[in-house]
Amino acid sequence: MMVGSAFGRNRSPMLKRPAIEVEHAQTHNLKGIDCRVPHGAVTVVTGPSGAGKSSLAFDTIFAEGQRRFVESMSTYARQFLDQMERPPVGDIRNVLPAVALEAKNAVRNARSTVGTITETHDVLRLLFTHLGEVVCPRGHGPVLSVNPEEAATDLLAGAVGDPFLLVARLPRPKRGADLALGELVRQGFLRRLGGERGEGPEVARMEPGERWPAKLDPLPLVLGRFRAPGEDDAVARVVATVEEAYRLTGGRVEARGERRGESVVRLYSREISCPVCGIVVRRPTPPLFSFNSPLGACPTCQGFGRVIGIDRLRVVPDPRRTLAERPIAPWNTPAYEELYDELLAACKKRRVPLDRPWQELSPEDREWIWSGEGKFVNLDGFFAWLEQRTYKVHVRVLLARYRSYTPCPDCGGTRLRPEALAVRLAGRTLPDLTALSVEQFRAWLKSQQWSARQRQVAGHLLEELTERIEVLHRVGLDYLALDRQARTLSGGETQRIHLAAALGSGLTSTLYVLDEPTIGLHPQDSERLLSLLRDLAARGNTVLVVEHDRTIIRGADHIIDLGPAAGEHGGWVVAEGPIETILDNEQSLTGRYLKERPPTSARRHVARFRRERGRESLDEELEHLPRVAVRGACAHNLKCLDVDFPLGAMVAVTGVSGSGKSTLVENVLYGTYQRARGVVDVDPGEVGSLSGLAELADVTLVDQRPLGRSSRSNPITYIKAYDEIRKLFAASPDARARGITPAHFSFNVERGRCPACQGTGVTEVDMQFMAPVTVPCEECQGRRFRPEVLAVRFRGRNIAETLELTVDAALVALADQRRLCRRLRTLTEVGLGYLRLGQPTSTLSGGEAQRLKLASFLDRPATLGRQLFLFDEPTTGLHLADIDLLYHTLRRLVHRGDGVVVVEHSPDLIARVDWIVDLGPGGGAHGGELLYSGPLEPFLEHIESPTAEELRRHLKWPLPVLAVAP
């Protein structure tokens, strides 16, 4: 089939613009296509999943831009160019320096935060350096650096009373103290404060030959007594005396007087110090406010803000168990179960009830079990004993299961040392500001009345800070705090943060390649994201976006629609040009789905559900379904919700970004269930009660996390189909003649895999000053096996050639292998028929990884019992047409009797669910409220919420007849 390029027939004004011109691109499944990416415009690459969008955008255009960038570097870098594969493309003209923003979170560093990635933290550090007010860490107010003239003015104005003494405290020399004192007397310093410790108000005279008093260190040397200005030279005398004190002490002087019958002491220093207690504070510099610098990081936690310790909740994961039921997880193993005998005997002697749940024991009894004394091993002593044996691997593994991080006791989780926390800007410390959400920070910035001096000193910094915060607001991340760890962000959030950083960098004439920036974004925020992409293009950059979102596609300047299908049936340019060209092209699957949906689609879905269940009322059917009941969910920003999840129905959890959807599903539902089963390495949510899970065989979370980082893992190993292929090859005449067994065809066994690349097919070249370069293995040419293994053929193909088949092609080539085909069909049922059998799972997108997990569930026997599946945005990476396929796959699980809960933003899927749980109304502190929980039709008819409005607009549904209060 030859679809070809459509841009030659297009009358779009984009044709007149200079553009990146791609000729005869053949990367992966691309069929030698030609296309254009106009400069200074937003171009969207769309099409069915697996049609070649990423192959064109990332593996062709971006890869060529990266290769040419390396080509411009030093001779050392260029020596590796021969090993870097050039994309299989005829020619790419006018390519720009490229930046790729992929929809995955590769950050693993606990020091990286939203503020550091966007460089907002760097601007704040400069602001605190130039505008920050330093206060005493002991709470005595502002600290200052005072020159002699300022000190004289303050003193003669009555700061310590009238008259007053000026005292210089000299430290005792380690050697020759008496000689030093004699020299002071010889110079005319004859008085010191009286008393053994030199703290009294009286003044003592020093005589020549006097010894340094043993208890005086430092020596309080009196420099003079002064009165308020009555003499013409009073100011000059005080200034000269303060200068003399600074010379003797290295920059400090003490003023003593009496005011209203009370003695007053005030300290002046050339350094920044407290005038009350005299503590010297470091002068603010940018490194002082960086937790990545030893100058600013808290010395206890090294700038991480947390310290590691034993998590008591993990040690006793199910507090409903009694002591007789053995609730202590690390002791429920053969190696340590004998410790229960001593503990239970000691509990009987102390009269600690053995039949009472752990959570109902008195705090004193629980603390006694942890750290009390007696003829038993307490838990603190047990873990201390383990700490002494960490040279054993199994002990380190055991300790890791029960460790967790707690806020640093010294810095309180702020990560900075006390000197940095002593600096305030408008009354707030740096951690105070970074703990604010983007929305709160915007409000704080707008409320500040900066003085003329502050604007003169740091006006450009204030403008820079305001611009960066506004960009975060525009990409829909109002709910994120600046100190949020980057490794905890989703792939979509990470990409939008990098996009915000790119806008703040001010780069021009750059190619930005983005991979679905709308992932995790509520439909109401898509317009703001589109506006931001247009701004990026308006600065002279070229923006290339791989996207499925209707709003982004319709708002793009130029669209490249690939297809017409996935895998081997894709890779053509179906249509290219403005949105009108796509809509008018009958071959374009994207164009057909972009056209207005019939307003009756949701009503048809409701009618279908009624027909399937044989009920007149959908509400009546849903009322009879068993359900999981959540009561008092208060984790993170949830406002103590009570909500039900019907089993045997498809449930969607909706709401704007940051409203608490993932918290409710992943922490409250999944985390609490897993912790109750004794799983300790999960994060349970705070919930009053969780009922209805007893009749479930299992609760499975299917999120966006990658399946693994090993390039030896692939789709057929994940669904347990590779064993069948290995048996087929091992049973061939060639294999039997050579003595080759199924194990030889494994990537994980030395006897069959390539020894040079360890079965990965690639080797990594360390570039030292750049990221490592991955190149094909020179020994096996990327085929991953030894030559003798590759010599074995089954139906004309060796094992490497078989693994290069797509799932669809393998179903045709191996159609008579029923057991193998049964497992491979699960991949086609979830829309992954275009994947190659041996494609590393580390290269799959988040959406593909999620659907691969879904495929593994479809092959499970129904005899395992009813299960609850929790999906986190399963439509990620799916074309509008593929959402239909996903919907039918999820509906199969529902028909089987399983529960399905999806956290979702896509109106195409939400419009066909049975039950909606809508959270909001906003994100972060403005979210966490239950706006609606119930069937779909009443939600569309009566509810006012951001999700309901977007869903009605998508379906052309009439406006609500009555707004119902939550």
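Residues numbered from 1 in each chain as written. Predicted model: local features only at pLDDT ≥ 70, side-chain atom pairs only at ≥ 80, totals over all residues. Heavy atoms only, no water.

Caption draft 1: Seen up close, the overall build of the protein chain. Assigned secondary structure in the protein chain consists of 36 helices and 30 strands. Put simply, the protein chain has 966 residues, and 54% of those count as buried. Contacts spanning at least 24 positions in sequence make up 68% of the contacts within the protein chain whose residues lie at least 6 apart. Accessible surface, the protein chain as shown: approximately 43,200 Å² in total, 50% of it carbon and sulfur. Within the protein chain, one finds 125 positive and 121 negative side-chain charges whose respective centroids are separated by 3 Å. (Helix = DSSP H or I, 4+ residues; strand = E, 2+ residues; numbered from the N terminus. Buried < 20%, exposed > 50% of the residue type's maximum accessible area, 1.4 Å probe, protein only. Contact = heavy atoms within 4.5 Å. Areas by Shrake-Rupley, 256 points an atom, 1.4 Å probe, with all protein chains shown as cover. Lys, Arg positive; Asp, Glu negative; His and termini not counted. Charge placed at Lys NZ, Arg CZ, Asp CG, Glu CD.)

Caption draft 2: The nonpolar core, seen in detail. Residues L127, F441 and L499 are the most contacted members of the largest nonpolar core, which totals 71 residues. With 7 residues, helix α16 (residues 452–474) is the largest single contributor of residues to this core. Ignoring any residue separated from it by four or fewer positions in sequence, one finds L499 in contact with L101, V475, L514, L529, L532, L533 and L536. One finds V702, I740, L837 and L858 within the second-largest nonpolar core, a separate group that totals 68 residues. (Core = buried A, V, L, I, M, F, W, Y, C linked by side-chain atoms within 4.5 Å.)

Caption draft 3: Representation of the pattern of salt bridges in the model. Per the stated rule, a full pass over the model turns up 42 salt bridges. Measuring nitrogen to oxygen at the nearest pair gives 2.8 Å for the salt bridge that ties R403 to E387. With R403 in strand β14 (residues 403–407) and E387 in helix α11 (residues 379–387), this residue pair connects regions lying 16 residues apart in the sequence. The class of R403 is partly exposed, set by a relative accessible area of 25%. The salt bridge partner of R952 is E944, with a shortest N-O separation of 3.9 Å. (Salt bridge = Lys/Arg side-chain N within 4 Å of Asp/Glu carboxyl O.)

Caption draft 4: Seen up close, the sheet that holds strand β29 (residues 915–920). In space, the 6 strands of this open sheet follow the order β24-β27-β28-β22-β29-β30, with mixed pairing throughout. Here the strands that pair on one side only, and so sit at the sheet edges, are β24 (698–702) and β30 (929–935). Within the sheet, the average angular offset between the axes of one strand and its neighbour, ignoring direction, is 15°. Bridge count for β29 against β30 is 6 bridges, and the pairing is antiparallel. Paired with I916 across the strands is G934, a residue of β30. Against the sheet, helix α24 (residues 661–676) contacts β22 (650–654), β24, β27 (867–872), β28 (899–903) and β29, and its axis sits at roughly 145° relative to β24. (Pairing = 2+ DSSP bridges. Axes fitted to C-alpha atoms, helices over the stretch in contact; angles between N-to-C directions.)

Caption draft 5: Main features of the state of the cysteines. This model, assessed by the stated rule, comprises 1 disulfide. Sulfur-sulfur distance for the disulfide between C634 and C640 comes to 2.1 Å. What sets the handedness of the C634 and C640 disulfide is the S-S torsion sign, and at about 115° it is right-handed. Residue classification places C640 among the partly exposed residues on the basis of a relative accessible area of 47%. Of all cysteine sulfurs in the structure, the one in C780 sits closest to C777, which takes part in no disulfide; the separation is 3.7 Å. Given the relative accessible area of 1%, C777 is considered buried. (Disulfide = S-S within 2.5 Å.)

Caption draft 6: Spatial organisation of the packing of aromatic side chains. This model, assessed by the stated rule, comprises 18 aromatic pairs. Residues F382 and F383 carry aromatic rings whose centres are separated by 5.2 Å and whose planes lie at 70° to one another, so their mutual orientation is edge-to-face. F383 sits in the buried class, given a relative accessible area of 4%. The rings of W331, Y336, Y340, F382, F383, W385 and Y402 are connected pair by pair, giving a single aromatic cluster. Looking at R111, its charged tip hangs above the ring of F304, at a distance of 4.2 Å from the centre. A cation sits over an aromatic face here: R912 above Y887, 4.7 Å from the ring centre. (Phe/Tyr/Trp six-rings, centres within 6.5 Å; stacked < 30°, edge-to-face > 60°. Lys NZ or Arg CZ within 6 Å of the ring centre and 35° of its normal.)

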